[in-house]
Amino acid sequence: GNSVTQMEGPVTLSEEAFLTINCTYTATGYPSLFWYVQYPGEGLQLLLKATKADDKGSNKGFEATYRKETTSFHLEKGSVQVSDSAVYFCALGTGGGNKLTFGTGTQLKVEL
Amino acid sequence: SQTIHQWPATLVQPVGSPLSLECTVEGTSNPNLYWYRQAAGRGLQLLFYSIGIDQISSEVPQNLSASRPQDRQFILSSKKLLLSDSGFYLCAWNPGLAGVGEQYFGPGTRLTVT
């Protein structure tokens, strides 16, 4: 079956530090890959996506590259801000009904 | 543009009471609809999904049921709540088009069963 593995959190960084949140996946076929962000008390927001190997998704300074050879989709940002503090979910999509398989989420805390 | 609404935003209910959470989507037709539960500090659990009116699939056996009486309305119900039903309930939609996998989430309902 499909699965997504994310690095354990919380991740605590100082403002302007470089961010990497690791995500690896197992899937049959050719999944699409997504990163979602959840701010406290809110629903999930789609942050970026990639639909095929070597695609790079980007949004709001965040980037992730679909690496088929390593089955990974790591999230990166060059300089984090306090406002980036949130929980980040990696997900893959495949199969009927357009269902998504989510990782367990990684909490990011950015301090001044 | 499309929007998704959930209500109520918060709910406190005693054990054994019934439950009805509602989700509606505007600005699209024939969406796929989803109900998720998120326990405190945990990931997302898919509860139900629907690809059309009266076409609902249950992902996990549980104390809950779902209905889709109209194309853009999705309801989550229970006849008798359990303490373990507490959590953050999220509704989501997807355009229902091949190759479009992303889902768009509502603001959620925080349910506390006492």
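Rules of the game
Residues numbered from 1 in each chain as written. Chains lettered and ligands numbered in written order. Predicted model: local features only at pLDDT ≥ 70, side-chain atom pairs only at ≥ 80, totals over all residues. Heavy atoms only, no water. Pairing = 2+ DSSP bridges. Helix = DSSP H or I, 4+ residues; strand = E, 2+ residues; numbered from the N terminus. Axes fitted to C-alpha atoms, helices over the stretch in contact; angles between N-to-C directions. Buried < 20%, exposed > 50% of the residue type's maximum accessible area, 1.4 Å probe, protein only.

This part is about the sheet that holds strand 9 (residues 75-77) of chain A. Each strand in a sheet pairs with its neighbour through backbone hydrogen bonds, running either in the same direction (parallel) or in the opposite one (antiparallel). Residue and element names in this part refer to chain A. Spatially, 4 strands are ordered 3-9-8-7 in an open sheet, and the strand pairing comes out antiparallel. The two strands at the open ends of the sheet, each matched to only one other strand, are strand 3 (19-21) and strand 7 (56-59). Going across the sheet, the axis of each strand differs from the next one's by a mean of 15°, ignoring polarity. As defined by bridge partners, strand 3 adjoins strand 9 across 3 bridges and the pair is classed as antiparallel. Residue pairing across strands places Leu 19 opposite Lys 77, the latter belonging to strand 9.

A word on unusual backbone geometry. Backbone torsion omega between A:Gly9 and A:Pro10 reads 0°, so that peptide bond is classified as cis. Along the chain, A:Pro10 turns up in the loop between strand 1 (3-6) and strand 2 (11-14). With an omega of 0°, the peptide bond between B:Trp7 and B:Pro8 qualifies as cis. Structurally, B:Pro8 is set in the loop between strand 1 (3-7) and strand 2 (10-13). Despite not being glycine, A:Glu16 has its phi angle at roughly 80°, a positive value. By the secondary structure assignment, A:Glu16 is in the loop between strand 2 and strand 3. Looking at A:Glu16, the relative accessible area reads 59%, which means it is exposed.

Take it as geometry only, folks, not as evidence of what the structure does.
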